Amino acid sequence: MILVTGGAGFIGANFVLDWLAQPGSEGVVNLDKLTYAGNRHNLASLADDARHVFVQGDVLDRALLDRLLAEHQPRAIVHFAAESHVDRSIHGPEDFIQTNVVGTFRLLEAARQYWSALPAMQKEAFRFLHVSTDEVYGTLSPTDPAFSETTHVAPNSPYSASKAASDHLVRAWHHTWGLPVLTTNCSNNYGPLQFPEKLIPLVILNALAGKPLPIYGDGLQVRDWLYVSDHCAAIRRVLQAGRPGEIYNIGGHNEKTNIAIVRSICALLDEQRPRADGVGYASQITHVTDRPGHDRRYAIDAGKIARELDWTPAETFDTGIRKTVQWYLDHPEWIAQVQSGAYREWVAKHYAG
Ligand code: NAD
Ligand code: DAU
């Protein structure tokens, strides 16, 4: 059994589905609070699968963590649960400190207590995998080398500061007590099941709805995109063969400006679902006020995980973005479901001014 936190969110749900699809895989206890970003619908295909135990709960709840560890005796924890959206962290950082920092601390403490009491062989095999982000490294100039595992940590947003803080806690629990931790710092993910507050799904859905496609500032900020199933495969590989105490950067070697991303989505939609009036979707592009403190460029050097663990991404950006656009076109019921309730409140609040 493994314990996954945040497994009803975008990457967590993709990971749980991918994990259980592997031949001979162990079961998953999936602990998720079901915030606005958590969605049981993402896991609907596992409704009758006894290998998946879903528990609605908070990583801040130490008693619950202790109970789940004692009851299910997992051989690993994969920690996805977090507040993940930079814009939200600017509007209200409190939840980011609570879940990302205090929540990771609670989980580390529960894991340490559980792991300390394991028999020697299980203790040796146990892993705590912390899923983190390239945003902890801050921002790059156009000529800087890509982020490596030894790049100085310099987070710029409340979100990235909270993730950097959690990375430091994870490191300290290894160095102080020997907890066998692994940390992954990954670039921007995209693909099925991503909540439409993030750039790629927001643009696909706004385009189809005839709404503006908001580009923050000049749109020349650069992100390094990775298709989500490649991230899931990398996490599986790190869990299997990563060295405790090590950091692994994960990225897709796909540096793109935001405006280029949006234009490529528009081109795919023009091809697959042309507007009735024959006008291209790019006509909906609208430059809006920039994000405060907006990081200019991220780029990942994923050489270590390639060399040491033989992981490289299977998808190029062209294949991944085509699959992604197609997935959203094929899943109108998923879109309708996430566009109700909490999502509407967020959009109304965020774009109100
Ligand atoms: P998401 O916002 O889609 O999902 C987060 C999940 O965590 C949700 O299901 C939510 O209900 C759950 N959650 C939130 N607070 C919780 C709490 N207190 N207790 C239990 N569950 C809670 O996020 P995502 O994009 O899937 O990101 C998952 C992880 O990967 C995060 O740690 C994020 O920092 C990291 N990451 C994301 C990206 C990316 O591009 N999305 C890239 C690198 C790393
Ligand atoms: O780099 C990894 C990070 O990628 C993860 O740790 C975060 O959890 C994830 O949210 C993502 O952060 P970003 O801020 O890069 O992602 P987002 O999709 O919000 O924005 C991508 C870029 O697009 C960024 O430069 C801001 C810009 N943007 C975003 C939105 C939502 C726009 O120009 N317009 C928009 O409407």
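Look a little higher up for the structure.
If you're wondering where the values come from, they're calculated on a predicted model, not measured in any experiment. (Residues numbered from 1 in each chain as written. Chains lettered and ligands numbered in written order. Predicted model: local features only at pLDDT ≥ 70, side-chain atom pairs only at ≥ 80, totals over all residues. Heavy atoms only, no water.)

Quick word on the packing of helix 1 (residues 10–21) against helix 8 (residues 228–241)
Two quantities define a packed helix pair, namely the angle between the axes and the distance from one axis to the other. Short version of the rule: For every element, the axis is a line fit to its C-alpha atoms; helices are fit only across the contacting stretch, and the angle between N-to-C directions ranges from 0 to 180 degrees. Under the DSSP-based scheme used, a helix requires at least four consecutive residues in state H or I and a strand at least two consecutive residues in state E, with every element numbered from the N terminus. Note on angle classes: values under 35 degrees are labelled roughly parallel, values over 145 roughly antiparallel, values of 65 to 115 roughly perpendicular, and the remainder oblique. In this scheme the handedness of a crossing depends on how the near helix is turned from the far one: anticlockwise by less than a right angle means left-handed, clockwise means right-handed. For this analysis, residues touch if any pair of their heavy atoms sits within 4.5 Å. Residues were grouped as follows: Ala, Val, Leu, Ile, Met, Phe, Trp, Tyr, Cys and Pro as nonpolar; Asp, Glu, Lys and Arg as charged; and all remaining residues, including Gly, as polar.
Packing of helix 1 against helix 8 leaves a shortest axis separation of 9 Å and a crossing angle of 65°. In terms of orientation, helix 1 and helix 8 fall into the roughly perpendicular class. Once helix 1 is placed against helix 8, the crossing between them reads as right-handed. Here Phe 10, Ile 11, Asn 14, Phe 15, Asp 18 and Trp 19 of helix 1 come into contact with helix 8, specifically with Val 228, His 231, Cys 232, Ile 235, Arg 236 and Leu 239. Looking at the contact of helix 1 with helix 8, its residues break down into eight nonpolar, two polar and two charged.

Points about the site of ligand 2
Basically, it comes down to this: When we say a residue is near a molecule or strand, we mean one of its heavy atoms is within 4 Å of it. Whenever two N or O atoms come within 3.5 Å, that pair is a polar contact, provided that in protein one can donate a hydrogen and the other can accept it, and provided that, for residues adjacent in sequence, both atoms are side-chain atoms. Here the open area of atoms and residues is found with the Shrake-Rupley method and a 1.4 Å probe, where only the protein chains shown may cover a residue.
Near ligand 2 there are 23 residues, and of these Thr 133, Asp 134, Tyr 159, Arg 291 and His 294 occur at the shortest range. At 2.7 Å, a side-chain N or O of Thr 133 approaches an oxygen atom of ligand 2. The separation between an oxygen atom of ligand 2 and a polar main-chain atom of Leu 199 is 2.8 Å. Alone, ligand 2 offers 690 Å² of accessible surface; in the complex the protein occludes 94% of this.

Regarding the packing of aromatic side chains
Note the cut-off: Ring pairs shown here join Phe, Tyr and Trp side chains whose ring centres sit within 6.5 Å, with only the six-membered ring taken for Trp; geometry is labelled stacked below 30 degrees between planes, edge-to-face above 60, and tilted in between. Remark: exposure states derive from per-residue accessible area (1.4 Å probe, protein chains only) relative to the maximum for the residue type, with buried under 20%, exposed over 50%, and partly exposed in between. Charge-over-ring placement is defined geometrically: NZ (Lys) or CZ (Arg) within 6 Å of the ring centre, and within 35 degrees of the ring normal.
One pass over the full model with this rule turns up 15 aromatic pairs. Plain terms: the ring middles of Tyr 190 and Tyr 227 are 5.5 Å apart, the flat faces sit at 70° to each other, and that makes the pair edge-to-face. In this pair, Tyr 190 sits in strand 7 (residues 188–190) while Tyr 227 sits in strand 9 (residues 222–227), placing the two residues 37 residues apart along the sequence. Here the two residues Tyr 190 and Tyr 227 agree in accessibility, since each one is buried. Between Tyr 328 and Trp 334, the ring centres sit 5.9 Å apart and the planes meet at 80°, which makes this aromatic pair edge-to-face. A cation over a ring is seen here: Arg 112 above Trp 177, with NZ or CZ 3.8 Å from the ring centre.

Description of the site of ligand 1
With respect to spatial proximity, 28 residues lie near ligand 1, and among them Ile 11, Asp 32, Ser 84, Tyr 159 and Lys 163 are the closest. Taking Val 59, its main chain carries an N or O atom lying 3.0 Å from a nitrogen atom of ligand 1. Note that an oxygen atom of ligand 1 is positioned 2.7 Å from one of the side-chain N or O atoms of Tyr 159. Protein contact buries 97% of the 830 Å² of open area that ligand 1 shows by itself. At the level of secondary structure, the elements contributing two or more residues to the shell around ligand 1 comprise helix 1, strand 5 (127–133), helix 6 (158–177) and strand 7. Across the shell around ligand 1, the residue classes tally to 12 nonpolar, 12 polar and four charged.

Quick word on helix 1
The periodicity of an α-helix, 3.6 residues per turn, causes residues three or four positions apart to be oriented the same way. To be explicit about the condition: Multiplying one less than the number of residues by 1.5 Å gives the expected span of a helix.
Its 12 residues place the ends of helix 1 17 Å apart at the C-alpha level, agreeing with the 16 Å of an ideal helix rising 1.5 Å per residue. Looking at helix 1, one finds that the buried residues are Phe 10, Gly 12, Ala 13, Asn 14, Phe 15, Val 16, Asp 18, Trp 19 and Leu 20. The inward-facing, buried residues of helix 1 abut strand 1 (2–5), strand 2 (28–32), strand 3 (52–56), strand 4 (76–79), strand 7 and helix 8.

Details of unusual backbone geometry
Of note, Leu 193 is a non-glycine position whose phi angle comes to about 75°, a positive value. Tracing the backbone through its elements, the reader meets Leu 193 in the loop between strand 7 and helix 7 (199–208). Classification of Leu 193 as buried rests on a relative accessible area of 10%. Even without glycine at this site, His 253 takes up a positive phi of about 55°. Assignment of secondary structure puts His 253 in the loop between strand 10 (247–250) and strand 11 (255–257). Overall, His 253 belongs to the exposed group, its relative accessible area being 53%.

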